[in-house]
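Examination of the molecular architecture
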Amino acid sequence: MFVKICGINSEAAAEAAVAAGADALGFVFAASPREVTPERARELCAAVPATVKRVAVLRHPPAAHWRRVLGVFEPDWLQTDAEDLAAIELPESCTPLPVYRDGAVPSEPPPRLLFEGTQSGSGRTANWDEARALAARAELILAGGLDADNVADAIRRVRPWGVDVSSGVERRRGEKDPQKIREFVARVRAIKE
């Protein structure tokens, strides 16, 4: 099961996520208490192994903004709403991760996508029934309202390819808790297929 820890904005959070065995770290470049600059995200990745995906998280970015993120941060993946990606020119080194939200399930999903609730980073749980239907047709990363207490149930019900957590591993809004990160990843890894 692929695990992404999103909203990384400190060395402690990056180190905890890597040590816990996360597969990807998400860095938010949109209005949020977790927002970082491309320069700061690059700094935070200095000690992150190349095997861990670096994900730039955007939402309806102006062209100058996404170009700057790509140029300075050089992410492995770029995550933003599916409609945004039509206007974004990605280098071959960067993979698109389109975001779909509750109530906007595509009839022809891309091979891989992220599915979440209507508002990113709000801690609201996504519609798991919609997610399950999509997960049967694509590599779906489930986000929205996940934490150590509900992630096992979410995985059993949705059968996603991966899971993504942000507010569910915070001690206060915008501040990651290393222990909660470890616990979340451990709960995911403990699930037997």
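Refer to the preceding data block for the structure.
Note that this is a predicted model, so its numbers are computed, not measured.

Describing the packing of aromatic side chains
One pass over the structure, following the stated rule, counts four aromatic pairs. Relative to W161, the ring of F2 lies with its centre 4.7 Å away and its plane at 20°, an arrangement referred to as stacked. In this pair, F2 sits in strand β1 (residues 2-5) while W161 sits in the loop between α6 (151-158) and β8 (162-165), placing the two residues 159 residues apart along the sequence. On the basis of relative accessible area, F2 is assigned to the buried category, the value being 12%. A residue is classified by how much of its surface remains accessible, and W161, at 27% relative accessible area, is partly exposed. Relative to F73, the ring of F27 has its centre 5.3 Å away and its plane inclined at 65°; by these criteria the two rings are edge-to-face. In this pair, F27 sits in strand β2 (residues 24-28) while F73 sits in helix α3 (residues 63-73), placing the two residues 46 residues apart along the sequence. Look at F27 and you get buried, because its relative accessible area is 0%. Counting every residue linked through ring pairs, the aromatic cluster contains F2, W77 and W161.

Section: the packing of helix α5 (residues 128-135) against α6
Two packed helices can be described by the angle between their axes and the distance between those axes. Relative to each other, α5 and α6 sit at 50°, their axes nearing to 9 Å. The angle between α5 and α6 places the two elements in the oblique class. Contact residues: α5 offers W128, D129, A131, R132 and A135, while α6 offers D153, A154, R156, R157 and V158. In terms of residue class, the contact of α5 with α6 is made up of five nonpolar, no polar and five charged.

Notes on α5
Listing the buried residues of α5 in full gives W128, A131, L134 and A135. Projected onto a plane normal to the axis of α5, the buried residues spread over an arc of 120° and lie on a single side. Where α5 is buried, its residues contact β6 (112-116), β7 (139-142) and α6. Sitting at the amino-terminal end of α5 is N127, which places a side-chain oxygen 3.0 Å from the backbone nitrogen of D129.

Some details on the nonpolar core
For soluble globular proteins, nonpolar side chains are generally found buried alongside one another. By size, the foremost hydrophobic cluster in this structure holds 53 residues, and its most contacted members are I5, F27, L142 and F184. It is α6 that provides the largest number of residues to this core, a total of five residues. In this view, I5 contacts A17, A22, A24, L25, G26, V165, V169, K176, I181, F184 and V185; residues no more than four positions away in its chain are not counted. One finds C6, A24, V55 and A143 within the second-largest nonpolar core, a separate group that totals 13 residues.

Notes on the pairing of β7
As paired strands, β6 and β7 are joined by four bridges and run parallel to one another. From the neighbouring strand, F115 faces β7, where its bridge partner is L142. By the bridge criterion, two bridges tie β7 to β8 in an arrangement that is parallel. The residue of β8 that forms the bridge with I141 is G162. In this fold, β7 hands off to α6, which returns the chain to β8; that crossover is right-handed.

Thoughts on the sheet that holds β1
Taken together, eight strands build a closed barrel; the order of strands is β1-β2-β3-β4-β5-β6-β7-β8 and the barrel is parallel. The mean inter-strand angle of the sheet, taken between neighbouring strand axes irrespective of direction, is 25°. Its contacts with the sheet place α5 against β5 (95-101), β6 and β7, and it is angled at close to 155° to β7. Where helix α7 (residues 178-189) meets the sheet, it contacts β1 and β8, and its direction lies at approximately 165° from that of β1.

Description of unusual backbone geometry
We note that H60 has phi near 50°; this positive angle belongs to a residue other than glycine. Its place among the elements puts H60 in the loop between β3 (53-57) and α3. The phi dihedral of E74 falls on the positive side, at around 55°, and the residue is not glycine. Here E74 shows up in the loop between α3 and β4 (77-81).

Calculation notes
- Residues numbered from 1 in each chain as written.
- Predicted model: local features only at pLDDT ≥ 70, side-chain atom pairs only at ≥ 80, totals over all residues.
- Heavy atoms only, no water.
- Phe/Tyr/Trp six-rings, centres within 6.5 Å; stacked < 30°, edge-to-face > 60°.
- Helix = DSSP H or I, 4+ residues; strand = E, 2+ residues; numbered from the N terminus.
- Buried < 20%, exposed > 50% of the residue type's maximum accessible area, 1.4 Å probe, protein only.
- Axes fitted to C-alpha atoms, helices over the stretch in contact; angles between N-to-C directions.
- Parallel < 35°, antiparallel > 145°, perpendicular 65-115°, else oblique.
- Contact = heavy atoms within 4.5 Å.
- Nonpolar A, V, L, I, M, F, W, Y, C, P; charged D, E, K, R; others polar.
- Arc of directions from axis to C-beta.
- Polar contact = N/O pair within 3.5 Å; in protein donor to acceptor, adjacent residues only side chain to side chain.
- Core = buried A, V, L, I, M, F, W, Y, C linked by side-chain atoms within 4.5 Å.
- Pairing = 2+ DSSP bridges.
- Right-handed = clockwise from strand over helix to strand, strands pointing away.

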